[in-house]
Amino acid sequence: MTEQDKRLKEAQKTGTEKGGQQTAPPPFIREKIVKKPVRFRERILRFLALLILAVVMGAAAAVAFVSVRYRMEQRLYPEETGEAVVIPKDTDPHETQTEQAQTAEETEPQTEETMTEEDLGEMIQSAVDEKKLDLSDYKRLSTLTTGVWKEASRGFVTITSVRQNEDWFDNVYENEGQTSGIITQVSGRDVLILTRFDKVQDTDELEVTFFNGLRAQAQVRGTDSLTGLAVLNVPVSSLKASDLELITPAVLGNSYALSPGTPVIAAGDPYGMVGSMAVGAVVYTRTDTGGIDMDLRVIDTDLGLPEQSGGFLLNLDGEVVAVFTAEYSGSDGAMTSAVGISNIKGIIENLCNGKEVAYMGVKGQAVTAEIADTHDLPVGVYVTETLQSGPAYRAGIQNGDVITEVDGTPVTSMRELHETLLMLAPEAEVEVTAVRKGIDEARELEFTVQLRSR
């Protein structure tokens, strides 16, 4: 035992002998750590710091909420924000001319034709001899046509779509495609663009390039699968004011004015390449295309473009008069077809306003007053086909029925039926009046049709 251990043992023994109680341990064992008292001033400072932090976080949350709410309202409820888009509708000049001709036949006296075929032939030959075309005339015509196309191209855009896919090894890769579109409207909030639905369907990213090279991100605003149309929107807030001033909407023309022989220009991507163009003429216009819930006028041209051509048809005034769509357009190598713009202006207007188009699901043709008298039918829409599982089919409307009213509005043609449906909301429940002709008699029937979106 060392000297130090002996001294420690004696100290413990001495402590025990005093009063028979254990003495207090050495001072260092009795020490206790006490927290430093918090002063009142420090408490006030801490409270103020927490209060300032709470205000800052609340302001940040408010800014984030307002920003997200604005963007979500643009995407979910675009029709409730901004000014409504209104596209002027067209009238068919052929119908007006027919009425005027009938009136003229009734009121004007008939005059005998005095010009013979020989005189007419001499007049034509004289006109041809008077003006013979040469190479300079062809150059001038080519220059004028190209000038119309270039000026109209200011209202065209290039749409680049990106789709993401995965390969067999779960590696993500991107497919990129391009198509053309036209600017239909520049409002205070959006630049609206018309294009083909199949080109922007199921895309992960859309980028629009304007004629001056300006690029901007776009979103799908509305689609219509039956006509194959889609409308994109580019927020004005994403563009500079100086760039916005240069953006010019395309002019939508009157396709009812097209007739065989009318010159047309194919612009956009008629050959599959954005920026290509072709010049041709209308060879035929078809009105019996069997459109669903509407009448369509298909314009046949002699362009002979590749199948599934994209883009639009222009007249010589630079106005858009037809659209190449996947559903109603096509090409057989000799003729290329496009849908007349006048028949689909109502659909374009709805899509621009973010409204879906109501769907009833019938094909038909007009029962005019003359046909009604001949076949003992009412004036209305003769149903040639009810689309299976469509709203009309489910309601009990059959082939051969004549629809006379929809939601209390008289309809006498497929155009009027289409215009009535454009005013109705999808999912709306409407009453349809139709006449069904039986063996012995014709009966007027009422159908309750539950519409849906196209």
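Rules used in this analysis
Residues numbered from 1 in each chain as written. Predicted model: local features only at pLDDT ≥ 70, side-chain atom pairs only at ≥ 80, totals over all residues. Heavy atoms only, no water. Buried < 20%, exposed > 50% of the residue type's maximum accessible area, 1.4 Å probe, protein only. Helix = DSSP H or I, 4+ residues; strand = E, 2+ residues; numbered from the N terminus. Core = buried A, V, L, I, M, F, W, Y, C linked by side-chain atoms within 4.5 Å. Contact = heavy atoms within 4.5 Å. Salt bridge = Lys/Arg side-chain N within 4 Å of Asp/Glu carboxyl O. Patch = residues over 30% accessible without salt bridge, like charges linked within 9 Å, V, L, I, M, F, W, Y side chains within 5 Å. Areas by Shrake-Rupley, 256 points an atom, 1.4 Å probe, with all protein chains shown as cover. Phe/Tyr/Trp six-rings, centres within 6.5 Å; stacked < 30°, edge-to-face > 60°. Pairing = 2+ DSSP bridges. Axes fitted to C-alpha atoms, helices over the stretch in contact; angles between N-to-C directions. Polar contact = N/O pair within 3.5 Å; in protein donor to acceptor, adjacent residues only side chain to side chain.

### Observations concerning helix 12 (residues 414–423)
Side chains that are three or four residues apart share a direction in an α-helix, a result of its 3.6 residues per turn. With respect to burial, helix 12 is a largely interior element, seven of its 10 residues being buried. For helix 12, the set of buried residues is Met 414, Arg 415, Leu 417, His 418, Thr 420, Leu 421 and Leu 422.

### Quick look at the nonpolar core
Ile 182, Val 320, Ile 344 and Ile 348 are the most contacted members of the largest nonpolar core, which totals 31 residues. Elements that contribute at least two residues to this core include exactly helix 6 (135–152), strand 3 (190–196), strand 7 (229–235), strand 8 (263–269), strand 11 (310–314), strand 12 (320–323) and helix 9 (345–352). Sorting elements by how many residues they give to this core places helix 9 first, with four residues. Those residues within four positions of Ile 344 in sequence are excluded, and the remaining contacts are Thr 227, Leu 229, Met 294, Leu 296, Val 323 and Val 339.

### Overview of helix 9
For helix 9, the buried fraction is high: eight of the eight residues fall into the buried class. Of all the positions in helix 9, only Lys 345, Gly 346, Ile 347, Ile 348, Glu 349, Asn 350, Leu 351 and Cys 352 are classed as buried.

### With respect to the pattern of salt bridges
Under the definition given, this model contains nine salt bridges. The partner of Glu 207 in a salt bridge is Arg 215, and the shortest N-O contact between them spans 4.0 Å. Here Arg 215 falls in the exposed class, since its relative accessible area comes to 57%. For Asp 300, the salt bridge identified is with Arg 286, shortest N-O distance 2.9 Å. Here the residue Asp 300 occupies a position in strand 10 (residues 298–301), and Arg 286 occupies one in strand 9 (residues 276–286), the gap between them amounting to 14 residues. With a relative accessible area of 4%, Asp 300 lands in the buried category.

### Considering the environment of Thr 158
Tracing the backbone through its elements, the reader meets Thr 158 in strand 1 (residues 156–166). For the pair Thr 158 and Phe 210, spaced 52 residues apart in the sequence, the C-alpha separation amounts to 6.6 Å. Residues contacting Thr 158, with those up to four places away along its chain left out, are Gln 178, Thr 179, Glu 207, Val 208, Thr 209 and Val 274.

### What about a nonpolar patch on the surface?
Judged by side-chain polarity, Ile 44, Leu 45, Phe 47, Leu 48, Leu 51 and Val 55 come together as a nonpolar surface patch covering roughly 560 Å² of accessible area. Relative to the helices and strands, Leu 51 is located in helix 3 (residues 40–76). When its relative accessible area of 45% is taken as the criterion, Leu 51 is described as partly exposed.

### Let's talk about the packing of aromatic side chains
Two aromatic rings, taken as a pair, are described by how far apart their centres are and by the angle between their planes. The full count for this structure, using the stated rule, is one aromatic pair. For the ring pair Phe 156 and Phe 312, a centre distance of 5.7 Å and an interplane angle of 80° mean the geometry is edge-to-face. Highlighted residues: Phe 156 in strand 1 and Phe 312 in strand 11, separated in sequence by 156 residues.

### Structural notes on the sheet that holds strand 2 (residues 172–186)
Strand order in the open sheet formed by seven strands is 5-4-1-2-3-7-6, with antiparallel pairing between adjacent strands. Only two strands of the sheet have a single neighbouring strand rather than two, namely strand 5 (215–217) and strand 6 (219–224). Between one strand axis and the next, the sheet turns through 30° on average, direction left out of account. Across seven bridges, the pairing between strand 3 and strand 7 is antiparallel. In the strand pairing of strand 7, Val 191 is matched with Val 234. Set on the sheet, helix 9 makes contact with strand 2, strand 3, strand 6 and strand 7; between it and strand 6 the angle comes to about 145°.

### Looking at the side chain of Thr 195
Checked against the element boundaries, Thr 195 lands in strand 3. When its relative accessible area of 2% is taken as the criterion, Thr 195 is described as buried. A distance of 2.9 Å separates a polar atom in the side chain of Thr 195 from the backbone oxygen of Ser 180. Discounting chain neighbours no more than four positions away, the residues touching Thr 195 are Ile 159, Thr 179, Ser 180, Gly 181, Val 200, Gly 228, Leu 229, Ala 230 and Leu 232.

### Focus: the side chain of Asp 90
Here Asp 90 lies in the loop between helix 3 and helix 4 (93–107). A distance of 2.8 Å separates a polar atom in the side chain of Asp 90 from a polar atom in the side chain of Lys 345.

### Brief notes about the pairing of strand 4 (residues 205–209)
Both strand 1 and strand 4 contribute to a ladder of five bridges, which runs antiparallel. Across the sheet, the residue bridging to Val 162 is Glu 205, located in strand 4. Bridge analysis of strand 4 against strand 5 gives three bridges, and the strand direction is antiparallel. Its bridge partner lying in strand 5, Thr 209 is registered against Arg 215. With antiparallel pairing between neighbouring strands as the criterion, strand 4 and strand 5 make up a hairpin whose turn holds five residues, including Gly 213 at a positive phi of roughly 90°.

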